[in-house]
Amino acid sequence: MSDVYISETAHPDIRATLASLPGFADSIGISSIWILGHFVSWRIIAYFAVLPFCLLFPIFFFLPESPYWLVENGLEEPAQKSLKFFRSSPYYDIEQEMSDIQQKYLEKKAKMKSQSCHWTIQRILSPSFLKPFTCIGIINVLTILAGFAVLANYVSEFMRESGSDIDPTIGPMVIGMMRLLIALIVPFFVQKMNPKMSFSIGQFIKALAMLIIAIYFHVLSREPEVTKNVTWIPMVMFILQFCVRSIAIMPVLYSLLGELFPTDIRSLSVGIIQSLEFGSAALIVKMYPDMKHAMGMYGICYFYASLGFLNSFWGFCTIPDNRSKSLIEIEEAYQNAPLIVKRTK
């Protein structure tokens, strides 16, 4: 739920930058584990992975609740203190932003009878959930189904199958080092990136790289001699996919996930989408051996590439540009938008 907390506390002018930090942390975590995995056993890695949670847990005791959550629970004075904490500049006037948050909540409160289970189901089946879901929900699931979860778990096997002279255990380490470098750079320019173009172009490049891998495996299965001098192609394409994902795709996904849904169902909506994401990841990883047996390595790569191109097109059709917009402005824009949103700044 870090996406929700960041979106509800960050100023609109830097929200995209801060919303990219979970992706930044994700890249650092996975990359560090891949690099360490080349040198130490899985037990040492497991101990290492516990440390961030031990450090993170006490930090949250010093952070105030989101001002949106506080207003919705009738705690206006703590909400003002929270907003003042996150807008620490003495030159920033919180009155207008606080008034907008309160006004929007009062409008919703006047419309809702009670926050019962029936009311929640109605909200989930309403355009308030379905419109944003046609954007972030679908592209999030397609991003997983387009092969990332499989590559993250089976990159060494892909390397072995490619006939490359490179040690398969080195592949994840090299990719991890590249992702680590990129993760350190992305937060500095993510606010300037147009999310629609960034995601669409990034996803297109990622799908194109998967298509090249598919063609390579296809040729390898028919004419192995032809690929002898180009066994480096899969490794380069793997690195390209993971780097593009860190630069152009994940910052957009994390930002959209925390800002598109209405405040009253934001946490629930994010939970639903992340459940679908984890379920899709489990499904595609579980199905990989059977799909590989039925379709061959090149067939499964063609399948992932086709979903990647579809995801690029869908992102171009649905992703809005919310940079420098408040969450209230985003919510109102979606209330007046058609089911498939196509907005420019």
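For the structure, see preceding data.
Attention here is on the structure that accompanies the text. All of these numbers come straight from a predicted model, not from anything done at the bench. Every chain's residues receive numbers from 1 upward, in the order its sequence appears when written. The predicted nature of this model means local features are confined to residues of pLDDT at least 70 and side-chain atom pairs, given and counted, to a pLDDT of 80 or more, with totals for whole chains, interfaces and linings taken over all residues. In computing side-chain properties, one takes all heavy atoms of the structure into account and sets aside hydrogens as well as water.

This part is about the pattern of salt bridges. Pairs can form between side chains of opposite charge whenever their charged atoms are close. Salt-bridge detection follows one rule: a side-chain nitrogen of Lys or Arg within 4 Å of a carboxyl oxygen of Asp or Glu. On inspection of all chains with the given rule, the structure shows four salt bridges. One salt bridge connects Lys 81 with Glu 77, and the closest N-O pair in it is separated by 3.9 Å. With a gap of four residues between them, Lys 81 and Glu 77 both fall in helix H6 (residues 76-86), about one helical turn apart. Comparing Lys 81 with Glu 77 shows no difference in burial state: the two are exposed. Close ionic contact of Lys 292 with Glu 161 constitutes a salt bridge, the shortest N to O distance being 2.8 Å. In this pair, Lys 292 is assigned in helix H13 (residues 266-318) and Glu 161 in helix H9 (residues 127-161), connecting sequence segments 131 residues apart. Glu 161 sits in the partly exposed class, given a relative accessible area of 36%. Bridged by salt links that share partners, the residues Glu 157, Glu 161 and Lys 292 form one connected network. Working definition: helices are DSSP H or I runs of at least four residues, strands are E runs of at least two. Numbering for both runs from the N terminus. Only protein chains enter the accessibility calculation, which uses a 1.4 Å probe; a residue whose area is less than 20% of its type maximum is buried, one above 50% is exposed, and one in between is partly exposed.

We now examine helix H12 (residues 233-259). By this rule, a helix spans an expected 1.5 Å times one less than how many residues it contains. A rise of 1.5 Å per residue sets the reference length of H12, with its 27 residues, at 39 Å; its end C-alpha atoms lie 38 Å apart and thus fit the reference within 8%. By the largest-angle criterion, Ser 246 marks the main kink of H12, which is about 45°. The element H12 is largely enclosed, with a buried count of 24 among its 27 residues. The angle between axes fitted to the seven residues ending at a residue and the seven residues starting there is what we call the bend at that residue.

A pair of Phe, Tyr and Trp rings is counted when the ring centres sit within 6.5 Å of each other, with Trp represented by its six-membered ring. The angle between the planes then sorts it: under 30 degrees is stacked, over 60 is edge-to-face, the rest tilted. Here the structure, examined in full by the defined rule, presents eleven aromatic pairs. With 5.5 Å between their ring centres and 25° between their planes, Phe 129 and Phe 261 make a pair best called stacked. Here Phe 129 is found in helix H9, whereas its partner Phe 261 is found in the loop between H12 and H13, with 132 residues between them in sequence. For the pair formed by Phe 129 and Phe 261, the shared burial category is buried. Ring plane angle 65° and centroid distance 5.7 Å describe the contact between Phe 148 and Phe 242, whose orientation is recorded as edge-to-face. Separated by 94 residues along the polypeptide, Phe 148 in helix H9 and Phe 242 in helix H12 bring together distant segments of the chain. Note on accessibility: Phe 148 and Phe 242 belong to one class, buried. Ring-pair connections join several aromatic residues into one group, and the members of that group are Tyr 154, Phe 158, Tyr 216, Phe 217, Phe 238 and Tyr 288. A positively charged side chain is recorded as over a ring if its NZ (Lys) or CZ (Arg) lies within 6 Å of the ring centre. The angle to the ring normal must also be within 35 degrees. In this structure, Lys 196 packs its charged tip against the face of Phe 316, placed 5.3 Å from the ring centre. Between Arg 245 and the ring centre of Phe 148, over which it is positioned, the NZ or CZ distance is 3.3 Å.

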